[in-house]
Amino acid sequence: MPVGADATSVKRLYHVVVHTLAERVLSHIRQRDLLSAGDRVGVAVSGGIDSVALLRLLLELKPELGIVLAVVHFNHRLRGAESDADQEFVLQLAKDHALEILADVDDVAGHAHEEAISLETAAHDLRYGFFRYLLGEDGTCDSTHRLTKICTGHTLDDQAETVLMRIIRGAGIKGLGGIHPRFLVEGLDGEMSGEIVRPLLGLRRQELECYLRDLGQGWREDSTNTDTSLTRNRVRKLVVPMLEREFNPAVTENLSELAEIARDEEEYWENEVSGWMGTTVQWSEPDWVAEEDASPGLVQIASVPNENPSSSIVDLQARIEAAPWLVMNATLSRVWLLGEPVAVQRRVIRAIADHAGITLEFKHVEEVLRFSIASSDSSKRLSLPSGWEVVRRGEHLVFVTPDLREDKPDSDYEYDLPVPGSVYVHETRSKFEVMLVPAEQQAGYNPEHLLDADSVRGPFSVRNWRPGDRFWPAHTKSPKKIKELLQERHVPQPERRLWPVIVGMGEIYWTRGFPVPAQYRARPGCSALLFNEQIAGQD
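Note that the coordinates shown come from a computational prediction; the quantities given were computed from them, not determined experimentally. (Residues numbered from 1 in each chain as written. Predicted model: local features only at pLDDT ≥ 70, side-chain atom pairs only at ≥ 80, totals over all residues. Heavy atoms only, no water.)

**Q** So what about the overall build of the protein chain? Which residues, and what values?
**A** Within the protein chain, the regular secondary structure consists of 17 helices and 23 strands. For the protein chain, the residues scored as buried account for 45% of the 539 residues in total. A separation of at least 24 residues holds for 69% of the contacts in the protein chain among residues at least 6 apart in sequence. Element-wise, carbon and sulfur atoms account for 52% of the exposed surface of the protein chain, whose accessible area totals about 27500 Å². (Helix = DSSP H or I, 4+ residues; strand = E, 2+ residues; numbered from the N terminus. Buried < 20%, exposed > 50% of the residue type's maximum accessible area, 1.4 Å probe, protein only. Contact = heavy atoms within 4.5 Å. Areas by Shrake-Rupley, 256 points an atom, 1.4 Å probe, with all protein chains shown as cover.)

See the structure below:
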């Protein structure tokens, strides 16, 4: 206590500090229209600083806002007893403030393994699935527990870290929008069932820590926050402090402002794009679909040698429904496209891809634009990811969906594979994914499938093997041509041609059915990469 200060003055000073922070949150909520009187609000509380501070601030603002509060907690079961202790802490916190607790628990690690996705993706999917359930997305949540809003404790620091990571990995304007202050959740009927909102995006994490200390309110520390094998932790602990210290003390605030500018820009462009999709861009059913609609529902697929003829008969409609993209062609006027600014040209190409459900990187968009201005005597066909093509027909560009009637066993393929992330390969009818596996979570994985994250070099791509490709599986004396490896395994010729490999910087790190090279095996105590293939129709 300062010299000469009495208990009354300290209490008054404390009230001013707390009141100021709450006022800033209230101002943000009202400016963004995040919460309204009568809302039944679930506060997502993990037990950490951000979420506990969010709960205490909303408790303070509850009379002013006229809202009903409940505590929402999801136990990911990723840290054993520590996760259970977090849950007990949150339950007690809710009890201390006489708040309803809505809690759920799930096996995130098991879900990640079953779905062949990263732990981070699995945790996000299950957690937000629980949120959507509480917001009544599928109509099964009991009305007494149903919420209208769920608040999460994302801060200005989270926003800056997200934007910075996306800059590092590569992102367009949409990606630079970072964490949105709010997003709507639609029910199965297409109507809005609720919202997930972020009231703390204007506050620094340090401010929230000071706030809790002033209140005498404890919180839980997540041990994984110190794990520098995780990208976000390295950005938080190393990159951001270095940028603030060496370049600009306000870099966090500036990155947050960049996100806000990007979101407003993206909102404008989304309105423009929505008008193009039914006017400037014309969508039509492929000719081969119309042809088969006039015949029975079964279609003969091109026979593959040594294949049982009966297995080549498939239900075309089932293939169309299972396709991970829109089975429609898109037609666009070249004259219109080339008459627009480059920003519009890029936007419309990317909008077609997004609407069709395929992923185009910047280099693919640029290839399409170069193709659109090429002379008429040059190539009239351009290959895109997922088996799509762009074809010049007169003065039009036509984005052609893959013909699902035919398998193409003789065609080469190659797809970019993001880290972490996944890509669907049409030629193999399978999804490939790269997962980052922290050292402490590797026990449940086959070590022969794990690669040392610091030794392998991207960017990665998945493709079929090519003549001359060599691979050195663990437990073998020397590298061999993949052709020889497949012959030794007696892989049938039709399957052999499309056999997938994953390549980075000219090195083959993975191929289906073989252990990873011994020289790249994951080291004890280090993070690892897992390359995984999930074939359609297999569990």
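That shown, we press on.
**Q** Can you lay out the sheet that holds strand β3 (residues 100-105) for me, pointing to particular residues and giving the numbers?
**A** A sheet is described by the order of its strands in space; here 6 strands give the open sequence β3-β2-β1-β4-β6-β5, paired in mixed fashion. One side of each edge strand has no neighbouring strand; the edge strands of this open sheet are β3 and β5 (182-186). Between one strand axis and the next, the sheet turns through 25 degrees on average, direction left out of account. In terms of strand pairing, β5 meets strand β6 (residues 192-197) through 5 bridges, oriented antiparallel. (Pairing = 2+ DSSP bridges. Axes fitted to C-alpha atoms, helices over the stretch in contact; angles between N-to-C directions.)

**Q** Describe the confidence of the model for the protein chain, listing the residues and the values that go with them.
**A** For the protein chain, the average pLDDT comes to 83, and 86% of its residues sit at 70 or higher. Note on residues 1-5: pLDDT is under 50 here. Beyond four places in sequence and across chains, it has 3 contacts. When the criterion is pLDDT under 50, residues 296-314 qualifies, and its contacts beyond four places in sequence or with other chains add up to 28 contacts. (pLDDT = per-residue confidence, 0-100.)

**Q** For the nonpolar core, give the residues involved together with the corresponding values.
**A** Counting residues in hydrophobic clusters, the biggest one holds 36 residues, and the most contacted among them are Ile349 and Phe399. With 7 residues, the single largest contributor to this core is helix α14 (residues 342-356). When sequence neighbours within four positions are dropped, the list of residues in contact with Phe399 reads Met328, Asn329, Ala330, Ile349, Ile352, Val368, Leu384, Trp388, Glu389 and Val390. One finds Val25, Val52, Leu69 and Ala94 within the second-largest nonpolar core, a separate group that totals 34 residues. (Core = buried A, V, L, I, M, F, W, Y, C linked by side-chain atoms within 4.5 Å.)

**Q** How would you summarise the pairing of strand β2 (residues 68-75) if you had to cite specific residues and measurements?
**A** Counting buried positions along β2 yields 7 of 8 residues, so the element is predominantly enclosed. Traced from strand β1 (residues 40-44) through helix α2 (residues 49-65) to β2, the parallel crossover comes out right-handed. Across 6 bridges, the pairing between β2 and β3 is parallel. Bridging from a neighbouring strand, Phe74 pairs with Asp104 of β3. Handedness of the crossover joining β2 and β3 through helix α3 (residues 81-96): right-handed. (Right-handed = clockwise from strand over helix to strand, strands pointing away.)

**Q** Help me get a handle on the sheet that holds strand β14 (residues 414-417), residues and values and all.
**A** In spatial order, the strands read β14-β18-β21-β22; together these 4 strands make up an open sheet with antiparallel pairing. Either end of the sheet is taken by a strand with one partner, and the two such strands are β14 and β22 (507-511). When the angles between neighbouring strand axes are averaged without regard to direction, this sheet yields 30 degrees. As paired strands, β14 and strand β18 (residues 460-464) are joined by 4 bridges and run antiparallel to one another. Considered in β18, the bridge of Glu414 is made with Arg463.

**Q** Describe a negative patch on the surface, and please don't skip the residues or the numbers.
**A** There is a patch of like negative charges on the surface, built from Asp264, Glu265, Glu267 and Glu270. Residue placement: Glu267 occurs in helix α10 (residues 251-276). (Patch = residues over 30% accessible without salt bridge, like charges linked within 9 Å, V, L, I, M, F, W, Y side chains within 5 Å. Salt bridge = Lys/Arg side-chain N within 4 Å of Asp/Glu carboxyl O. Lys, Arg positive; Asp, Glu negative; His and termini not counted. Charge placed at Lys NZ, Arg CZ, Asp CG, Glu CD.)

**Q** So what about the packing of helix α6 (residues 156-169) against α10? Which residues, and what values?
**A** If you want to describe how two helices pack, look at the angle between their axes and the distance between the axes. Between α6 and α10, the shortest axis-to-axis distance is 8 Å and the interhelical angle comes to 75 degrees. Considered as vectors, α6 and α10 are oriented roughly perpendicular to each other. Each of Leu156, Asp157, Gln159, Ala160, Val163, Leu164 and Ile167 in α6 lies in contact with α10, whose residues at this interface are Thr252, Glu253, Leu255, Ser256, Leu258, Ala259 and Arg263. Across the contact of α6 with α10, the residue classes break down as 8 nonpolar, 3 polar and 3 charged. (Parallel < 35°, antiparallel > 145°, perpendicular 65-115°, else oblique. Nonpolar A, V, L, I, M, F, W, Y, C, P; charged D, E, K, R; others polar.)

**Q** Could you give an account of the pairing of β6, naming the residues involved and the relevant values?
**A** The element β6 is largely enclosed, with a buried count of 5 among its 6 residues. Taken together, the 3 bridges between strand β4 (residues 149-151) and β6 define a ladder with parallel strand orientation. For Lys149, the partnering residue across the bridge sits in β6 and is Glu195.

**Q** Please provide a residue-by-residue account of the pattern of salt bridges, values included.
**A** A complete count under the given rule lists 32 salt bridges for this structure. Measuring nitrogen to oxygen at the nearest pair gives 3.7 Å for the salt bridge that ties Asp454 to Arg523. Taken as a pair, Asp454 in the loop between β17 (450-452) and β18 and Arg523 in the loop between β22 and β23 (528-535) lie far apart in primary sequence, 69 residues in all. Relative accessible area serves as the criterion here: at 48%, Asp454 is assigned to the partly exposed category.

**Q** Just give me the short version of α14, but keep the residues and values in it.
**A** Structural remark: α-helix, 3.6 residues per turn; residues separated by three or four positions point the same way. The end-to-end C-alpha distance of α14 is 21 Å, a good match for the 21 Å that 15 residues give at a rise of 1.5 Å each. Within α14, the full set of buried residues consists of Val344, Gln345, Arg347, Val348, Ile349, Ala351, Ile352, Ala353 and Ala356. Downstream of α14 by one or two residues, Gly357 has phi in the positive range, about 90 degrees. (Expected span 1.5 Å × (residues − 1).)

**Q** So what about unusual backbone geometry? Which residues, and what values?
**A** Residue Pro420 follows Val419 across a cis peptide bond; omega there is -15 degrees. Looking at the secondary structure, you find Pro420 in the loop between β14 and β15 (421-425). With an omega of 5 degrees, the peptide bond running from Gly458 to Pro459 counts as cis. Not every positive phi belongs to a glycine, and Asp33 is a case in point at roughly 55 degrees.

**Q** Lay out the side chain of Asn233 with the relevant residues and their values.
**A** Tracing the backbone through its elements, the reader meets Asn233 in helix α9 (residues 231-246). Residue contacts for Asn233: discarding those within four places in its chain leaves Thr224, Asn225, Thr226, Asp227, Thr228 and Leu238.

**Q** Now, about α2: what can you tell me, with residues and values included?
**A** Here α2 spans 23 Å end to end across 17 residues, near enough to the 24 Å set by a 1.5 Å rise per residue. Where α2 bends most, the angle comes to about 35 degrees, and this point is Leu59, followed within four residues by the proline Pro63. Counting buried positions along α2 yields 12 of 17 residues, so the element is predominantly enclosed. All buried positions along α2 are accounted for by Ile49, Asp50, Ser51, Val52, Ala53, Leu54, Leu55, Arg56, Leu57, Leu58, Leu61 and Leu65. Phi turns positive one or two residues past the end of α2, at Gly66, with a value near 70 degrees. (Bend = angle between axes of the 7 residues up to and from the residue.)

**Q** I'd like a rundown of the packing of aromatic side chains, residues and numbers included.
**A** Scanning the model with the defined rule gives 12 aromatic pairs in all. Look at Phe74 and Phe130: their rings are 6.1 Å apart centre to centre, the planes differ by 40 degrees, and that puts the pair in the tilted class. Here Phe74 is found in strand β2, whereas its partner Phe130 is found in helix α5 (residues 119-134), with 56 residues between them in sequence. The interplanar angle of 45 degrees and the centroid separation of 6.1 Å between the aromatic rings of Tyr413 and Tyr415 together place this pair among those described as tilted. For the pair shown, Tyr413 and Tyr415 are each scored as buried. Three or more aromatic residues joined by ring pairs form one cluster here, namely Tyr268, Trp269, Trp276 and Trp336. In this structure, Arg489 packs its charged tip against the face of Phe514, placed 4.0 Å from the ring centre. Lying across the ring of Trp499, Arg512 places its NZ or CZ 4.7 Å from the centre. (Phe/Tyr/Trp six-rings, centres within 6.5 Å; stacked < 30°, edge-to-face > 60°. Lys NZ or Arg CZ within 6 Å of the ring centre and 35° of its normal.)

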